[in-house]
Every structure is written in C-alpha cells, then in structure tokens.
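# Overview (structure and organization)
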Amino acid sequence: MDSSRKQRILIVDDDSAVQVSLALLLKQSGFEPLCCDGPGQALALLAQQPVDLVLQDMNFSLHTSGEEGLRLLADIKQAQPALPVLLMTAWGSIALAVRGVQAGAANFFTKPWDNTQLAALIHATLETAAPPSASAATLSRQALDAQFDFGGIIGEHPRLLKVLSTIGQVAATRAPVLILGESGCGKELIADAIHRNSPRAARPIVKINMGAITPSLFESEMFGHVRGAFTDAKTDRKGHVASAHEGTLFLDEIGELNRSDQVKLLRVLQDQTYQQVGASRTERADIRVVSATNRELASLVAGGEFREDLFYRLNLITIRLPPLRERRSDIPLLARHIIGEVSASYGLAPASIAPQALEWLSAQPWPGNIRQLKQTLERTLLLVGRTELRQADFIAAEQHEHGGAPGQRLGTDGMTLEQVERHMIAHALEQHQGNISRVAKTLGLSRTALYRRLERHGLGGAPDEADGNGNLGHAATGARMGVR
Ligand SMILES: Nc1ncnc2c1ncn2[C@@H]1O[C@H](COP(=O)(O)OP(=O)(O)OP(=O)(O)O)[C@@H](O)[C@H]1O
C-alpha cells in the first residue's frame, strides 16, 4: 500500500443512517470511508480502487434471510481473498454471522454497535490482515525487547519470536486473544505480556481458571451478587468482571467451561454489560478478554461441546504457543536462566550446567513443557548440592524421585506421544500411591491439568473421587478454587 494514503474502508449497507454514522466514526478514527448501497455497487467499486477493509451488512432488502450477504462475501473473497471483511448483523442473527466467519469473514459485529469497540475491532483486523513487513518477519529478540516489555519470557526460537511479534502487534488494541498450547508451555506468561504491553497495564489482570469454577457458582463468581440474592449471600460481592473493569480478564482453561455457562459468558462479551445475581440494574464492564486452553477449541466446536458464537468472540487473534520439544534450541537458554533463578531463590551459590548436560536436557521429550523443565532443574539442584550440574546428576535425581534403581527408566520406544503420556502418569501414580499433588508435581503439571489427563486416559477417578489430601479413590475433595 502507498504509505501516504489513508486506509480506505468500504461500507456496504442499504440504510443511509448506518452509512452516515459509520462514515463519521471511520473519519474520526483516521480512515477514509467509502459508502455504497448493495452488492452490485460494492463489487464495481472494489474492482476500481484499492480498499483495505469492508464493513458489510447481511441483508439488502426487507425479505432476505442473509443469503444475499453471504453471496456478496463469497464474491469479495473470490475477487480479493486477502481483503478482510467485517460483517454487520442484527441482534438475533449471530448464527448467520458465524456462517459468514466460516466462509472467510474476518469477524462480525452486531447493530447497534459500540463506537469504541468497533474502532478497536477495525484496527485489530487491519493490523492482523497486513502482510508482515520484511522487518517484522526478521525481528530479532533484541529488536522486540527494545519495543516491548517481554521480561520473564525466555527464548529466541523463530516460533517464539513470531508469537512475541504478534503480541506486539495486538497488545495495544482491545481485540480478544485466544492462546492455544500444551500445559506448561507458558500460556499464562503470554497473557501477562499482552496485558503488560497494553494501555490497560495500570489496571488489573484478573485470572480465572474456568475448569475449576463450580458451575452453580459461575454467575456469582463472574458477575458478583447482592446481599440476600441467595441463602449464603450475606453481603454484596463484586465479581471478577467488575474487578477487571478497564483491565484484562484472563479466562484460563476456557475449553473446560460447560455449555450453559458459555451462554452467560457470551452475553457479557457481546455487549459488555452484565447483571449481578439478585440485582435488576445492568452494569457496564470495559474489559479486554484473553483466553487460553490446551484443548483444540475448533474441534470442541465441531463436536458440539463449545458454542460456535463464543468461539468467534474469543478468537479474533489466535496465538499458538509451540511445545518445548518443538523449540529445543531454547532449552539451554531456559535451563541457564531457571537454574540462576532457583539458586538465587534458595540463597545458594550461583549454579551452572555442564555443556553435555545441557545437550542431554535439550534431547528430552518434556511432555510437561517448561513447567516440567523447571521442576527437574530445581529438584536436581536441591538433591545434588553441587555448583555445576552434570548429566549424571539429572539421571540420579530422576531415579531418586521415582524411587527406581539405576537404569530403571521408562521404556517408551515405539509408543505414540499419547501412550507415553499415559504410561508416565500411570507410573507416577504408582510411585506416589495415587497422591495427586505429588504426581502433579513430579510430572510438572497443574492439578487441574493432571485431573483432565486422568479422565482422558481413564486412569484413577474423577476429581470428586479424590480425598481432601488429593489421593485418588476416596470420598469428596475439598473446595476447588476458581481463581488463582
Ligand atoms: N518462555 C518462558 N520463559 C521462562 N519461563 C517460562 C516460559 N514459558 C513458561 N515458563 C514458566 O513455566 C511455567 C509454566 O508456565 P505457564 O503457567 O505460563 O504455562 P501454561 O501454558 O499456562 O500451563 P497450564 O496450561 O498448565 O495452565 C511457569 O513457571 C512459567 O513461568
């Protein structure tokens, strides 16, 4: 694009009031608006001049069911596949908008819209649609650190640098970000970085583990309640959404949210309003939502477990965080950094890792990712008590942890990753007599992440079959915390 020209945005709507108000908003936001009434004019205009984004209505006559809008979208995508399109829908036709997003629209918004939100959506859509400039593609870690605060995130692997560049691009907007990646690979750290580099940094980031929130308490936890709303509501209580006002709401383990709570969440994300339990007044919340999951959310949508409309509300920007085994070149950097941190935290003399041990660490599978690497380093340092750690020290510490004799390592040849994971969990359960906390610690997983895996592999019982000490196979567990 000629860098001196303003970005041009085409509005396609047969309602002149919509055209006028959108054009005004676009002008105020520094864009050049172009207006037209329907598909024919829109396609002709697109063929004549360069346009950077289209805002498109779905209905162009009183009797259409949105099919005309879908056809126009298909025509635009065929003519200019890279041109981003935002669909405008009336309230109640979200299913249609979701079809549009599946057919290639960048996103949708409902009429009437909120000017600030819509301007942010337009900026985010344009930024992510822009082809990466030559410099962005090759940004070094040093160059990224000069522009942004990525403190605490160690690594230089190209795939991590790509993630950091994306954060840099979108942090300033209020676009919702979905972070996908295996357990322990740093999703929470990425969420923190998005918040820290955003204009909301001075306000709180409120973190909620959706997998651990009790369904019957969802509304009261999220939206708060007024005194007397239910038997135990002795006083008014502020919910997480209100606490995150003007800040960021981090919805961790979003794939674990049940369907009925998904609708309640959708409502607040759509219009940024909510009601406290037992209150009649509608409250407004200015929140930026970042969510994370180690499950493949799109397949949950396909399987009917996750609402499509909520999925599209959350994933305007999707960040895929690679597992540690796919960025092994970062392991030495991470290991050195972690060992420095751990020795300082225990007040020990600075420790180092022998080059051969670094190579050995770099070759391990790390199913629990960086969390597991951290725990391995910490355990070895404490058990060995030497200032230079060698490969033999790591092996000895691992055997000590598993109570095994030398040479008794897990035989995993010829197994799939899934099978190795099941094997490792079963082994750890046996070693620790089903003590969930110890098993989770050994494997470098959070307890919630471990419970999910137990369920998936059909090992042991569900969470509510664990006793208060976290041992499987007994009575009910103690209260599960929803917030970290
Ligand atoms: N790039 C990194 N540099 C330094 N430390 C890291 C990095 N990535 C992750 N960690 C550390 O690894 C641990 C796990 O990270 P984090 O909790 O962010 O993972 P997660 O993907 O959110 O896990 P889960 O899905 O289990 O919640 C944390 O102690 C975090 O500080």
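The rules behind each value
Residues numbered from 1 in each chain as written. Predicted model: local features only at pLDDT ≥ 70, side-chain atom pairs only at ≥ 80, totals over all residues. Helix = DSSP H or I, 4+ residues; strand = E, 2+ residues; numbered from the N terminus. Buried ≥ 20, exposed ≤ 12 C-beta atoms within 10 Å, placed from the backbone. Pairing = 2+ DSSP bridges. Axes fitted to C-alpha atoms, helices over the stretch in contact; angles between N-to-C directions. Near = placed C-beta within 6 Å. Nonpolar A, V, L, I, M, F, W, Y, C, P; charged D, E, K, R; others polar. Domains from an automatic or database assignment. Left-handed = near helix turned anticlockwise from the far one by under 90°. Contact = placed C-beta atoms within 7 Å. Core = buried A, V, L, I, M, F, W, Y, C linked by C-beta atoms within 7 Å.

Under an unreviewed UniProt entry, the chain has the name Sigma-54-dependent Fis family transcriptional regulator and belongs to Duganella aceris.

Below, the discussion takes up the overall build of the chain. The helix and strand tally for the chain stands at 21 helices and 16 strands. Counting over 484 residues, the chain shows a buried share of 38%.

This part covers the sheet that holds strand β5 (residues 107-111). Sheet strands associate in pairs through backbone hydrogen bonding, adopting either a parallel or an antiparallel arrangement. Strand order in the open sheet formed by five strands is β2-β1-β3-β4-β5, and the pairing between neighbours is parallel. Looking at which strands have only one partner, the edges of the open sheet turn out to be β2 (32-36) and β5. Averaged over all neighbouring strand pairs, the angle between strand axes comes to 20°, with direction disregarded. Where strand β1 (residues 8-12) and strand β3 (residues 53-57) come together, four bridges link them in parallel fashion. What sits directly across from isoleucine 9, in β3, is leucine 53.

Looking now at the site of the ligand. The local shell around the ligand holds 19 residues, among which Ile154, Ser183, Gly186, Lys187 and Glu188 are the closest. Where the shell around the ligand is concerned, the elements lending two or more residues are α9 (187-196) and α17 (369-384). Of the residues in the shell around the ligand, the class split is seven nonpolar, seven polar and five charged. Shared between two domains, the shell around the ligand takes at least three residues from each, and those domains are domain 2 (134-322) and domain 3 (325-402).

To continue, consider the environment of glutamate 188. In this fold, glutamate 188 is placed in helix α9. When the C-alpha atoms of glutamate 188 and serine 291 are compared, they prove to be 9.2 Å apart, with 103 residues separating the residues in sequence.

The N-to-C vectors of helix α15 (residues 331-345) and helix α16 (residues 355-363) enclose an angle of 115°; their axes lie 9 Å apart at closest approach. Helix-helix and strand crossings are classified by hand; for α15 and α16 the assignment is right-handed. Of the residues in α16, those in contact with Ile331, Pro332 and Ala335 of α15 are Leu358, Leu361 and Ser362. Residue composition of the contact of α15 with α16, grouped by class: five nonpolar, one polar and no charged.

Our next topic: the pairing of strand β14 (residues 317-320). Of the two faces of β14, only one is covered, namely that formed by Ile317 and Ile319; the face formed by Thr318 and Arg320 stays uncovered. The pairing of strand β6 (residues 177-180) with β14 spans four bridges and is parallel. Looking at β14, one finds that valine 177 is bridged to isoleucine 317.

A word on the nonpolar core. Side chains that are nonpolar tend, in soluble globular proteins, to be buried together. Residues Leu86, Val177, Ile179, Ile190, Val241 and Ala335 are the most contacted members of the largest nonpolar core, which totals 100 residues. With residues up to four places along the chain from it excluded, the contact list for isoleucine 190 reads Val163, Ile167, Ile179, Ile319 and Leu321. Ranked by size, the runner-up nonpolar core spans twelve residues in total, among them Ala428, Ile436, Leu445 and Leu450.

This part is about the sheet that holds β6. Within the open sheet, the five strands sit side by side as β7-β10-β13-β6-β14. Their pairing is parallel. Unpaired on one side and paired on the other, β7 (205-209) and β14 mark the two borders of the sheet. Going from strand to strand, the sheet's axes swing by 20° on average, the running direction of each strand aside. In the sheet, strand β10 (residues 248-252) pairs with strand β13 (residues 288-293) via four bridges, with the strands oriented parallel. Opposite leucine 251, over in β13, you have serine 291 as the bridge partner.

For the rest of this paragraph, the subject is unusual backbone geometry. Of note, the phi angle at glutamate 253 is positive, near 55°, even though the residue is not glycine. Structurally, the position occupied by glutamate 253 is in the loop between β10 and α12 (259-271). Positive phi, close to 55°, is recorded for asparagine 369, a residue that is not glycine. Along the polypeptide, asparagine 369 turns up in helix α17.

With that settled, the discussion passes to the environment of glycine 224. For glycine 224, the location among the structural elements is in strand β8 (residues 224-225). On a C-alpha basis, the gap between glycine 224 and valine 241 in space is 8.2 Å, while along the polypeptide they are 17 residues apart. Setting aside anything within four residues of it in sequence, one finds glycine 224 in contact with Arg237, Lys238, Gly239, Ala242 and Gln276.

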